[in-house]
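# Structure at a glance
Here's the letter readout for the chains.
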Amino acid sequence: MRERRNYLLVMGVIAAAVVGAVLFAVPGSPLYKGPTLGLDLQGGLEVILRAVPQKGQTINATQMQTAQSIMESRVNKIGVASPNVAVQGGNEIVIQLAGVHDPAKAAAIIGRTGQLQFFDFEKDLAPTSLNQGRPSPSTSLYTLLNPLQSAAKKGSPEAYYLIGPKTFTKTVTKTVKGKTVTKKQTTTRKHAVLQGPDRSVRQLLQPYGGKKPALAQVLVVPAHRLVAHAPGGKAWYLFKYTPKQANGPPELTGNDLNESQITADIDQNTGQPEVVLGFTGHGSKEFQDITRAEYKRGQLAAGLAGQAGNHDPTVVQQYAQHNAIVLDGVLESTPYIDYTNNSLADGIAGGATIQMGAGGLGAAKSLALVLQSGSLPYTFQQIERTDVSATLGKSSLHQALLAAGAGLLIVAIFLLLLYRFLGLVAVAGLAIYGILYYAAILLFNVTLTLPGFAGLILTIGVAADANVVVFERIKEEVRAGRSVKAAISAGYGKGFHTILDANVVTAITAMVLFLIAVADVKGFALMLLIGTGISLLTAVAATRAMLGLLSGFRWFDNPRFMGAEGQQTAKWLQIDFMRRRNWWFALSGAIILAGAISLATRGLNLGIDFKGGTQVTFNTHRAYSQGDVSNFMASQGQRDAVVQGAGPSVNGDFKQWQIRTRALSGSQQSNLTQNLKNQFGAYANGAKNVSGTFGHQIAKDAIYGIIVSLLLITIYIAIRFDRKFSVPVILAMLHDIAITIGVYSLVGKEVSVATVAAVLTVLGYSIYDTIIIFDRIRENIPLMRRSPFATIANVSLWETIRRSLATTFITLLPIICLEILGGAILKDFAFALIVGVISGAYSSIFIAAPLLTIWKEREPEYARRKALAEAGALSADGDGRRRGAVVDAGAVALAESEAALAAEPTPELVDVVTAAPSEPSAQARREKRQQRRRSRPHGRSR
């Protein structure tokens, strides 16, 4: 009764979770939260930034990687889903952001240099920015620099600006006679900043084709000077700047900040937003020295004016000295030091505060984010910003969803046919799994991408397999004579550790990939990690509770009701796998060798993601669908072209286009441009070569993730099993990678980012399947104390091969649906999964288990057992002329008796033994008696 109440409680909790999940997933409900789609499914923003080194700087790969890391950190803190950030062409960084709500703000934050400088304001200003010792800004950059142009010819200029007329348009809203009137107001600023700062005139004029625009003027910043302006650009200052001098201005830089102590907050005294800064040990000392000197200068200035004792805030601000905090050339804040406050006489040893003006707390948080991520090593100019559509297009997304739905339906039918009523319970468990899984995706804001669908497909197999493992165990126990209720208890008891080990190993791989990898692979890893956890929950809790409740009914206690009648493993599957291991190795070796030869001679058909290619942009007079342009590119022999609409859409169609193809020669570009013009009336055509960006980064991170996960898996298996169990697992995984890559080379399939995700899926599946088999071997070792290891491995394979074949088929079902129902991109993706899953199932049975057998048979105990088995078989044969056949027959006979012994129910779990096994051999009877004695207290009869 108590057990039944526990099951009812579990089902109640699960029912509540399902209801909550449904509320998350149903549009219109108060908790509804739509899914977050990746760039390949919904499009987003693509920004290209070019590094502009300062005087004396050179661009190098290390600094560009630093800039890439800083930008990734900023993007992640903004909260952008599944960003792609990659170095392109040595001096550019390409950033792709999915679902960005404020593209201009995101692009500005990401590319902001974040170069922070602290000046002693009054002391470090150049004479032209001072008036009687007080700061005196210029109203424009032109009025600041123009008088200095003659002097600027001396020494090496610090920077160049392009100044000229510029027209500004703004919308003005007025109320006239009670009516709101909106109109555009246009003004022209004669001396606006058109471009700069740049470190050379050539770079300055590059956006203008290398020629200075009419009425424009190039102004030079003199040597050892820095230009800064107040927010809004209406007050300009010139600072003395000696970065190579030990104690010269700026006295402090961003390198002196303690990034962990930077926060954005509201000043409790003023109610205004602020950014609070913390310093390193060196920075704190320098800041104390600066503020001490400013305190003394303020006292001196007030004393000379006879105001030393006047504490009026207006008077204090008149004579007080200031810090100047400059970020990327903008004078963000000038806090003063109150010389009447005696506690400041020795300076400030803590941190500084930037008081924010316009922008509110949001602006303060954005500034804090830039400072927390550190300064970029170069100034970056935004050379291109494009709103792009999904790379897959709506049709591909619909095909993927249709394939996933069809696959789940077919899996459900298969489970019903294979397990009958147990299959119905499994389908109910899968339904619960699917609802909770989708809710978890929404709750954790997981970005859905094509590689994420790979994780989804794999977790469908994992979720179904968890039930298959337990159900096969239950059927074994029923065949051994237990009641259905006892069989369910034993099945879950024995199956739990198997499921746990397999899921933990899969979770290790997913977690490492999530922590190491980027964007698409991170999405795959997170989908796999969430699916693994939820599948464990549904298999262990949900289906267990359902079966526990049903087992109390008399009609449920029927072996035929769950397909448990008859023999567990078909005779044609009870072959001596270990004896034929050389055949399996030869088959794998032949495929791997063929793949290696193909790789050496033909290589891999690397896609645009890895090799780069040509990017073609054009406009059309009317809107076309993405499918129209993709079909046209396929007709031009560019089946793998990546087609994206750009700019605003018109009912899902576009007038601006961006297409990436394989590298095209000049004549090929001309032909494609002409054909686009003939077909779509394309105009404003442009073409440029682009490098493979994200593919290299994703592949590199995936490789690092695989290596780290292999090491962790080796440690885990060595702890949970035996160190000798870990090596075959690793070799089987490497075997699967080699097979998949080799087959790809043989058939010439294109390798894309999706292929990387498919290979990772293969690894996850291979590990899971191998651990299931190894767990059964580990369980049978103490039960089969006299058997050679080859016999133990054979029996374990016979007991698990139904599960292995069923799981492989279940996993392949949705993938085959994807291959049949998907478009060109999805078909290639499905092909990789099909090859990998078949290879993973094969390696678990025919590679990993035989390798483990070879290694274990070298141990003295198993070597002795093997010798005894062979000697017994030879003596039975007499002259030994048919040694091989007799050894085979003897191994099978011994395996059958050991299998019967291993399947015998233990006394404490048996309710009623309703059937007895067929007449065993004398050897088997002796083994059974010994097993019974071992299972009783103290090993004696009662």
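Keep in mind it's a predicted model, so treat the numbers as computed, not measured.

Glancing now at the overall build of the protein chain. If you tally the helices and strands in the protein chain, you get 28 helices and 27 strands. Looking at the protein chain alone, contacts between residues at least 24 apart form 77% of all its contacts between residues at least 6 apart. Total accessible area computed for the protein chain in this model is approximately 42200 Å², and 58% of it derives from carbon and sulfur atoms.

Here the focus is the confidence of the model for the protein chain. In this model, the protein chain carries a mean pLDDT of 76, and residues with pLDDT of at least 70 account for 79%. Taken element by element, the protein chain is modelled with least confidence in helix α27 (residues 883-903), mean pLDDT 45, and with most confidence in strand β12 (residues 236-240), mean pLDDT 93. For the stretch residues 876-925, pLDDT sits under 50, and the model shows 66 contacts to residues farther than four places along the chain or on other chains. Contacts of residues 932-942 to residues separated by more than four positions or lying in other chains number seven contacts, the stretch itself having pLDDT below 50.

Bringing the packing of helix α19 (residues 626-635) against helix α20 (residues 666-680) into the picture now. Where α19 contacts α20, the two axes come as close as 12 Å, and the packing angle between them is 135°. With respect to α20, the axis of α19 lies oblique. Classified by chirality, the crossing of α20 by α19 is right-handed. Taken together, the residues of α20 that come into contact with α19 (itself represented by D628, V629, F632 and M633) are L672, N675, L676, Q679 and F680. Here the contact of α19 with α20 is composed, by residue class, of six nonpolar, two polar and one charged.

Take the packing of helix α1 (residues 2-25) against helix α13 (residues 421-443) next. Close contact between α1 and α13 brings their axes to 9 Å; oriented N to C, the two are set at 55°. Looking at the two axes, α1 sits oblique to α13. Handedness of the α1/α13 crossing: left-handed. From α1, I14, A17, V18, A21, V22, F24 and A25 reach across to α13, where they touch I432, I435, L436, Y438, A439, L442 and L443. Partitioned by chemical class, the residues of the contact of α1 with α13 number 14 nonpolar, no polar and no charged.

A cluster of basic side chains, namely K166, K170, R189 and K234, defines a positive patch on the protein surface. Within the fold, K170 resides in strand β8 (residues 159-176). Using a relative accessible area of 51% as the deciding quantity, one classes K170 as exposed.

The next subject is the environment of Q57. Position of Q57 relative to the elements: it lies in the loop between β2 (44-52) and α3 (61-78). A relative accessible area of 25% means that Q57 is categorised as partly exposed. When the C-alpha positions of Q57 and P377 are compared, they lie 9.4 Å apart, and in sequence the two are 320 residues distant. Once residues lying within four places of it in the same chain are set aside, the contact partners of Q57 are R199, P377 and Y378.

Scanning all chains against the criterion turns up 17 aromatic pairs. Ring geometry for Y433 and Y437: centres 5.3 Å apart, planes at 15°, overall stacked. Here Y433 pairs with Y437, and both are found in helix α13, just four residues apart, close to one helical turn. For Y437, a relative accessible area of 3% gives the class buried.

Within the largest apolar cluster, 109 residues are counted, with the highest numbers of intra-cluster contacts made by F471, I474, F577, F774 and I777. Here this core gets 13 residues from one element, more than from any other, and that element is helix α16 (residues 519-550).

Our next topic: a nonpolar patch on the surface. Together, L402, I816, I820 and L821 give the surface a local cluster of nonpolar side chains, amounting to about 360 Å² of exposed area. A total of three residues in the nonpolar patch trace back to one element, the largest contributor, which is helix α24 (residues 789-821). Considering the arrangement of structural elements, one finds I816 in helix α24.

Turning our eyes to something else, we now look at the pattern of salt bridges. The full count for this structure, using the stated rule, is 13 salt bridges. Residue D289 is joined to K285 by a salt bridge in which the shortest nitrogen-to-oxygen separation is 3.5 Å. Of this pair, D289 and K285 both sit in helix α9 (residues 281-304), four residues apart, which is roughly one turn of the helix. Measuring nitrogen to oxygen at the nearest pair gives 3.2 Å for the salt bridge that ties E859 to K724. Residue E859 is found in the loop between α25 (824-856) and α26 (860-877), and its partner K724 is found in helix α22 (residues 723-747); the two are separated by 135 residues along the sequence. Several salt bridges converge on common partners, so that one network encompasses K285, D289, R292 and D346.

Among the seven residues of strand β4 (residues 92-98), seven are classified as buried, and the element is accordingly described as predominantly covered. Burial along β4 is two-sided: E92, V94, Q96 and A98 facing one way and I93, I95 and L97 facing the other are all buried. As paired strands, β2 and β4 are joined by seven bridges and run antiparallel to one another. Paired with E46 across the bridge in β4 is Q96.

Its location among the elements puts I110 in helix α4 (residues 103-111). Each C-alpha atom, one on I110 and one on R74, is 6.0 Å from the other, the two residues being 36 residues apart in sequence.

Next up on the list: the side chain of S138. In this fold, S138 is placed in the loop between β7 (134-135) and α6 (141-145). Among all residues touching S138, those that are not within four sequence positions of it are T143, L144, K234, A235 and W236.

Turning our eyes to something else, we now look at α22. For α22, spanning 25 residues, the distance from its first C-alpha to its last is 37 Å, which sits close to the expected 36 Å at 1.5 Å a residue. Positive phi appears at G748, one or two residues downstream of α22, with a value of about 75°.

Another aspect to go through is unusual backbone geometry. Cis rather than trans, the peptide bond between G196 and P197 has omega equal to 5°. Take P197: it is sitting in strand β9 (residues 179-198). The residue L215 is not glycine, and still its phi comes out positive at about 70°. Tracing the backbone through its elements, the reader meets L215 in the loop between α8 (201-205) and β10 (217-221). Taking relative accessible area as the criterion, L215 reaches 76% and is therefore assigned exposed. Look at D328: it is not a glycine, yet its phi comes out positive at around 50°. Structurally, D328 is set in the loop between β16 (321-327) and β17 (330-333).

Our next topic: the environment of V468. Considering the arrangement of structural elements, one finds V468 in helix α14 (residues 450-479). In this structure the C-alpha to C-alpha distance between V468 and Y419, which are 49 residues apart in sequence, comes to 8.8 Å. The contact partners of V468, leaving out residues within four places of it in the chain, are L415, Y419, R803, A806, T807 and I810.

With that out of the way, let us pick up helix α17 (residues 581-601). Between its terminal C-alpha atoms α17 stretches 30 Å, which fits the 30 Å expected from 21 residues at 1.5 Å a residue. Within α17, burial applies to R581, W584, S588, G595 and S598. Looking straight down α17, one finds that the buried residues subtend no more than 140° of arc, so they occupy a single side. Exposed and oriented more than 90 degrees from the buried face of α17 are N582, W583, L593, A600 and T601. Immediately downstream of α17, the backbone of G603 shows phi near 75°, a positive value.

Scoring rules and cut-offs
- Residues numbered from 1 in each chain as written.
- Predicted model: local features only at pLDDT ≥ 70, side-chain atom pairs only at ≥ 80, totals over all residues.
- Heavy atoms only, no water.
- Helix = DSSP H or I, 4+ residues; strand = E, 2+ residues; numbered from the N terminus.
- Contact = heavy atoms within 4.5 Å.
- Areas by Shrake-Rupley, 256 points an atom, 1.4 Å probe, with all protein chains shown as cover.
- pLDDT = per-residue confidence, 0-100.
- Axes fitted to C-alpha atoms, helices over the stretch in contact; angles between N-to-C directions.
- Parallel < 35°, antiparallel > 145°, perpendicular 65-115°, else oblique.
- Left-handed = near helix turned anticlockwise from the far one by under 90°.
- Nonpolar A, V, L, I, M, F, W, Y, C, P; charged D, E, K, R; others polar.
- Patch = residues over 30% accessible without salt bridge, like charges linked within 9 Å, V, L, I, M, F, W, Y side chains within 5 Å.
- Salt bridge = Lys/Arg side-chain N within 4 Å of Asp/Glu carboxyl O.
- Lys, Arg positive; Asp, Glu negative; His and termini not counted.
- Charge placed at Lys NZ, Arg CZ, Asp CG, Glu CD.
- Buried < 20%, exposed > 50% of the residue type's maximum accessible area, 1.4 Å probe, protein only.
- Phe/Tyr/Trp six-rings, centres within 6.5 Å; stacked < 30°, edge-to-face > 60°.
- Core = buried A, V, L, I, M, F, W, Y, C linked by side-chain atoms within 4.5 Å.
- Pairing = 2+ DSSP bridges.
- Expected span 1.5 Å × (residues − 1).
- Arc of directions from axis to C-beta.

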